Each structure stands twice: as C-alpha cells, then as structure tokens.
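Overview (structure and organization)
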Amino acid sequence: MKEVRTIQSSVRKMDAFVQKLADQDAGQQAYPGLEYEKKLTGMNGKTQKTVVQVKNLESGKYTVLFDSGREKLIMDRSWRETAPDTLELTYEESGRNESGMSKWNQKIAGFLFGMSAKKQLKMRLDLFEKQLEEFQWQD
C-alpha cells in the first residue's frame, strides 16, 4: 500500500524529525544496519516478538524491516523537496508471509480489510504530519 502527500517542511527538518523518531523507537541512536527487538501486535491481535532492522536511514529516505518470524513488513518513507519548504512524502508498506496457506489467508484478509487498512494508513500519516508540525515549532 502506498500513499503520497505534499507537506510543509524543509528537508533538513524532516531529516532531523525522522532521525528522532527512529532513535526513540530503537531506544538508542538509530543507523542503517541496526537491529533490535520489540513486542508488536500482529494481525491476529496477539503480541509477538519482532526483530526490527533499519535498512536505510539517510537524507530523504527511511526504510525499516519488521520480521516476526512468520510475517515480514517493510515500511518505507521517502521525501523530496518540490518547492521551498514543501516536500512530497511517499509512504509505502509491503509485506510477505512465508507459508503457502498463510499467503492465501493474507490475500483474503487483504481483500476483506483493504479499505480498513487504507483508512489506518491515512490515519498514521495524519498523526505523522501532526507530530512533524509540533516538532517544527520546537526550534
């Protein structure tokens, strides 16, 4: 699933904001190649140990892999300046499941919950934008 938005921010502020969020999530300075564990709730509602790996963390790009053993989710954010203090933010999530039957279940669930997932993605981006706005006022 992918969503593209235009937001008001500079590349420098967005870079600093994303680094701060990544650091908070990791509980330490985040950098490409960093791996850490956290407990997350899966689609089935159960809490599971998940390995988080920072794949990319540089100016204009942040990519993270969440691996619970059975499921993998890649979260990718990228941003580029389109005008002074205006960015195009692209947020994309993609996932895969390792077993054959689970793939069918995932496709069926994706079809049934597709609208809900899109709505949740938009809500996450709304929250991200609001947090960025607050972060920018802290300067």
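Owing to the predicted nature of the structure, the values given are computational and were not obtained by experimental measurement. (Residues numbered from 1 in each chain as written. Predicted model: local features only at pLDDT ≥ 70, side-chain atom pairs only at ≥ 80, totals over all residues. Heavy atoms only, no water.)

**Overview of the overall build of the protein chain**
Each helix and strand counted, the protein chain has 2 helices and 6 strands in total. Moving toward the C terminus, one meets the helices and strands of the protein chain in the order β-α-β-β-β-β-β-α. Counting only residues that meet the buried cut, the protein chain has 35% of its 139 residues in that class. Across the protein chain, every contact between residues at least 6 apart in sequence was considered, and the portion connecting residues at least 24 apart equals 46%. Here the protein chain displays about 9000 Å² of accessible surface, and carbon together with sulfur accounts for 53% of that area. (Helix = DSSP H or I, 4+ residues; strand = E, 2+ residues; numbered from the N terminus. Buried < 20%, exposed > 50% of the residue type's maximum accessible area, 1.4 Å probe, protein only. Contact = heavy atoms within 4.5 Å. Areas by Shrake-Rupley, 256 points an atom, 1.4 Å probe, with all protein chains shown as cover.)

**Comments concerning the packing of aromatic side chains**
As enumerated under the stated definition, the model contains 2 aromatic pairs in all. With centroids separated by 5.3 Å and ring planes inclined at 50 degrees, the aromatic side chains of Phe17 and Phe135 adopt a geometry described as tilted. Of this pair, Phe17 sits in helix H1 (residues 11–26) while Phe135 is found in helix H2 (residues 100–137), placing the two residues 118 residues apart along the sequence. Taken as a pair, Phe17 and Phe135 share a single burial class, namely buried. (Phe/Tyr/Trp six-rings, centres within 6.5 Å; stacked < 30°, edge-to-face > 60°.)

**Comments concerning the side chain of Ser10**
Positionally, Ser10 belongs in the loop between strand E1 (2–8) and H1. Judged by its relative accessible area of 15%, Ser10 falls in the buried class. If we skip the residues at most four places from it in the chain, Ser10 touches Asp85, Leu87 and Gln136.

**Side note on the environment of Met14**
Topologically, Met14 is positioned in helix H1. Judged by relative accessible area, Met14 falls into the buried class, the value being 0%. As for Met14 and Gln136, which are separated by 122 residues in sequence, their C-alpha atoms are 8.8 Å apart. Residue contacts for Met14: discarding those within four places in its chain leaves Ile7, Ser9, Trp79, Leu87, Leu89, Phe128 and Leu132.

**What about the pairing of strand E5 (residues 71–83)?**
Pairing of strand E4 (residues 61–67) with E5 involves 7 bridges; the strand directions are antiparallel. Residue pairing for E5: Phe66 is matched across the bridge by Leu73. (Pairing = 2+ DSSP bridges.)

**Side note on unusual backbone geometry**
Positive phi outside glycine occurs at Asp85, with the angle close to 55 degrees. Relative to the helices and strands, Asp85 is located in the loop between E5 and strand E6 (86–97).

**Considering the environment of Lys61**
Its place among the elements puts Lys61 in strand E4. Its relative accessible area of 26% is what places Lys61 among the partly exposed residues. Non-local contacts of Lys61, meaning those with residues more than four positions away in its chain, are made with Asn56, Asp76, Arg77, Ser78 and Trp79. A distance of 2.8 Å separates the side chain of Lys61 from the side chain of Asp76, its partner in a polar contact. (Polar contact = N/O pair within 3.5 Å; in protein donor to acceptor, adjacent residues only side chain to side chain.)

**With respect to the nonpolar core**
Counting residues in hydrophobic clusters, the biggest one holds 25 residues, and the most contacted among them are Met14, Val18, Leu57, Tyr62, Trp79 and Leu89. Those elements that place two or more of their residues in this core are H1, strand E3 (47–58), E4, E5, E6 and H2. Apart from residues lying up to four places away in sequence, Trp79 is in contact with Val11, Met14, Asp15, Val18, Glu58, Gly60, Lys61, Tyr62, Leu87, Glu88 and Leu89. (Core = buried A, V, L, I, M, F, W, Y, C linked by side-chain atoms within 4.5 Å.)

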